[in-house]
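# Observations on chain architecture
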Amino acid sequence: MSSSSTTETVAPNLFAPRRRQLLSKRHSTALSIVSTVIFVAVVVAIVFWAPGGVTFRHFFFDPHQMWVAFTGNHQGLASVGKGILTNIWMFCLCEVLVLILALGLAWIRISTSPVMAPLRVLATIYTDVFRGIPILLVFIIVGFGFSELNIGWISHQTPTFYGCTAITITYTAYVAEVYRAGLNSVPQGQILAARSLGLGQAATMRRVILPQAVRTVIPPLLNDFISMQKDTALVSILGIVEAVQSAQIDASQNFNDSGLVVAALLFLAMTIPLTRFTDHLIAKDRTRRLAGAQ
Amino acid sequence: MTVLSLQNVSKRFGDTEVLRGISLELNRHDVVCLIGASGSGKSTLLRCANLLERIDGGDIQLFGQSLLDPRIDEDLVRRNIGMVFQSFNLFPHLTVLQNVMLGPVRALKRPSDEVRDEAMALLTRIGLADRANEYPDRLSGGQQQRVAIVRSLAMQPALLLLDEVTSALDPTLVGEVLDLLRELAHDGTTMLLATHEMGFAREVATNVVYIDQGVVLEQGAPSAMFDNPQEEATKLFLSRARS
């Protein structure tokens, strides 16, 4: 008798084993609810029944302490709520500066003109150096170093100015690389097509390369900005009373760390909307371009 | 009137000599078809003609002016030469209409109302006026390539370069693109095209040029080239291309 594999007469069983059927996509909503409930329950159980659970909750999640830390009081407690405003405006300012400066830096790095050669070398050194130095050191060098230099207005600025300078210097290096990757991701054919239409280098950049690069650049750019939002907390080492510094003042006066949790929650309140917003932008762009695709 | 003239053009990429002394002349209303195996240098020749590549030797003249002259503005040169690519290269972030309008508005700085009317007329001509506000990725390959052709025409170029414009298309979509090119040839558009469509070359070409390893091996009227090729290499290539 032939053993050919095509002579099988019994229909093969196509059903998944019972256990995998339960985990299939058909039950996805139910499954995600169940797993979320279990996860939350485990976390709550640990916090409540751990041997040190009571102390832990008191030190980090005391509602009264959290409220006092958030608002501050007249006995010299700093307000974390007020402090976060410093983080927010520093971040907003630095974000705008970085977006502009990094684009210039990226433009220099991808330029091909021989006139730009010395600038290209400088730009490369700049990105290498400032991506390589821990940002904390940049804060110290700029924050304490610049005032030591004693040269005119540069040495007579506020710590906040130095903090913003350090953040901008460092993140310009990171974001320039993000831009550069985005600009390079636009296919060569697009550039050839634009140049063939007689568009100059600047017009090609503005009308063809940049609009396409922006789409690929947004997610990594946002990652850097979320890091940047958090790194505004590091300016506390320059003595600036922002959210984390305020929380630390409160913690040392009250022997209670609930203020730090407040600061953490406030940072989350800043970063999560930003992430959601970007996801929304990406999804919108996707549907717009694929809408009704045949 | 001579539109484009290539004299003894050579081009190297590193150690590889892609073009080895090519001479060619295009008069107004000429349709010159470059044929030859892939890698023979057809595409490079087209790119050299609108300065997307720099040549290493010889001369290229557009209306009698050498393009090697350092005082030449390459953007001005390209505004007079249209180029259509194998892979369409439409701008995905712009609508069909915006694709067609980009060159005249941004390179020629013409008022957009005027350009819009012309662009719509061009899109009507290729039967895609109703798709004007859609993005290119919603169009079929044949439709995209026809938009790309019309995008170059919107610049009202003196010369159109076409680089294997049907090679990336489904066989069923090749016809509509060739029909448009036929129409353009009929209207007297000056064209230099690299193509693998032998039937089409025979039909529309005023001159067929066989390129082999960077040199013009044989050229002539389509009837002579296809019915009575002189060189062995041309015969071999044509017999393979037909099968």
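Residues numbered from 1 in each chain as written. Chains lettered and ligands numbered in written order. Predicted model: local features only at pLDDT ≥ 70, side-chain atom pairs only at ≥ 80, totals over all residues.

### A look at the overall build of chain A
In terms of regular secondary structure, chain A is built from 12 helices and zero strands. Helices and strands in chain A line up, N terminus first, as α-α-α-α-α-α-α-α-α-α-α-α. The C-alpha radius of gyration of chain A comes to 27 Å, more than 25% above the 19 Å expected for a compact globule of 294 residues. Per-residue burial over chain A gives 28% buried out of 294 residues. Looking at chain A alone, contacts between residues at least 24 apart form 71% of all its contacts between residues at least 6 apart. (Helix = DSSP H or I, 4+ residues; strand = E, 2+ residues; numbered from the N terminus. Rg over C-alpha atoms; globule rule 2.2 N^0.38 Å. Buried ≥ 20, exposed ≤ 12 C-beta atoms within 10 Å, placed from the backbone. Contact = placed C-beta atoms within 7 Å.)

### A look at the overall build of chain B
Helices and strands together make up the secondary structure of chain B, namely nine helices and 10 strands. Scaling as 2.2 N^0.38, a compact globule of 243 residues should have a C-alpha radius of gyration of about 18 Å, and chain B matches this with 18 Å. For chain B, the C-alpha atoms occupy an extent of roughly 55 × 45 × 35 Å along the three principal directions. Across the 243 residues in chain B, those meeting the buried criterion constitute 47%. Contacts spanning at least 24 positions in sequence make up 66% of the contacts within chain B whose residues lie at least 6 apart.

### A closer look at helix 5 (residues 141–153) of chain B
An α-helical segment advances 3.6 residues per turn. Residues three or four places apart therefore align on the same side. Residues and elements named next belong to chain B. Here helix 5 contains 13 residues, and its C-alpha end-to-end distance of 18 Å stays within 8% of the 18 Å for a straight helix at 1.5 Å per residue. For helix 5, a buried count of 12 out of 13 residues is recorded, marking the element as mostly surrounded by other parts of the structure. Those residues of helix 5 not exposed but buried are G142, Q143, Q144, Q145, R146, V147, A148, I149, V150, R151, S152 and L153. Those residues of helix 5 hidden inside the fold are in contact with strand 6 (81–84), helix 3 (96–107), helix 4 (112–125), strand 7 (159–163) and helix 6 (171–186). (Expected span 1.5 Å × (residues − 1).)

### Some thoughts on helix 1 (residues 42–49) of chain B
Residues and elements named next belong to chain B. The buried fraction of helix 1 is high, at seven of eight residues. Within helix 1 the residues assigned to the buried category are K42, T44, L45, L46, R47, C48 and A49. One or two residues past the end of helix 1 sits L51, with phi positive at roughly 65 degrees.

### What to know about the environment of B:K109
Residues and elements named next belong to chain B. You can see K109 is positioned in the loop between helix 3 and helix 4. On the basis of neighbour count, K109 is assigned to the exposed category, with 7 C-beta atoms found within 10 Å. Each C-alpha atom, one on K109 and one on L6, is 30 Å from the other, the two residues being 103 residues apart in sequence.

### A short note on the confidence of the model for chain B
On average, residues of chain B score 94 in pLDDT, and 100% of them are at 70 or above. Model confidence for chain B, summarised as mean pLDDT per element, is weakest for helix 9 (residues 232–242) of chain B at 89 and strongest for helix 3 of chain B at 97. (pLDDT = per-residue confidence, 0-100.)

### So, the interface of chain B and chain A
Every contact between the two is made by 20 residues of chain B and, on the other side, 19 residues of chain A. Mapped onto the side of chain B that touches chain A, the elements with two or more residues apiece are helix 2 (74–79) and helix 3 of chain B. The dominant element in the side of chain B that touches chain A, judged by the number of residues it contributes, is helix 3 of chain B, at four residues. Across the side of chain B that touches chain A, the residue classes break down as nine nonpolar, five polar and six charged. (Nonpolar A, V, L, I, M, F, W, Y, C, P; charged D, E, K, R; others polar.)

### A few points about the sheet that holds strand 3 (residues 31–35) of chain B
Residues and elements named next belong to chain B. Across the sheet, six strands lie side by side as 6-7-8-3-9-10; this open sheet has mixed pairing. Taken across any chain shown, the strands that pair with only one partner, and hence form the sheet edges, are strand 6 and strand 10 (215–220). Adjacent strand axes in the sheet meet at a mean angle of 20 degrees, parallel and antiparallel pairs treated alike. One ladder, built from four bridges, connects strand 6 with strand 7; its direction is parallel. If you follow V84 over to strand 7, its bridge partner there is L162. Along the sheet face, helix 1 touches strand 3, strand 6, strand 7, strand 8 (191–194) and strand 9 (207–212) and points at about 150 degrees away from the line of strand 8. (Pairing = 2+ DSSP bridges. Axes fitted to C-alpha atoms, helices over the stretch in contact; angles between N-to-C directions.)

### Some words on the nonpolar core
Judged by nonpolar contacts, the single largest core of 113 residues is most densely connected at B:C33, B:V100 and B:L192. Take this core: its biggest share by element is 13 residues, from helix 8 (residues 159–184) of chain A. Residues within four places of B:C33 in sequence aside, it is in contact with B:L193, B:T195, B:A201, B:A205, B:V208 and B:V209. A:A69, A:F70, A:V244 and A:A247 belong to the second largest nonpolar core, which has 12 residues in total. (Core = buried A, V, L, I, M, F, W, Y, C linked by C-beta atoms within 7 Å.)

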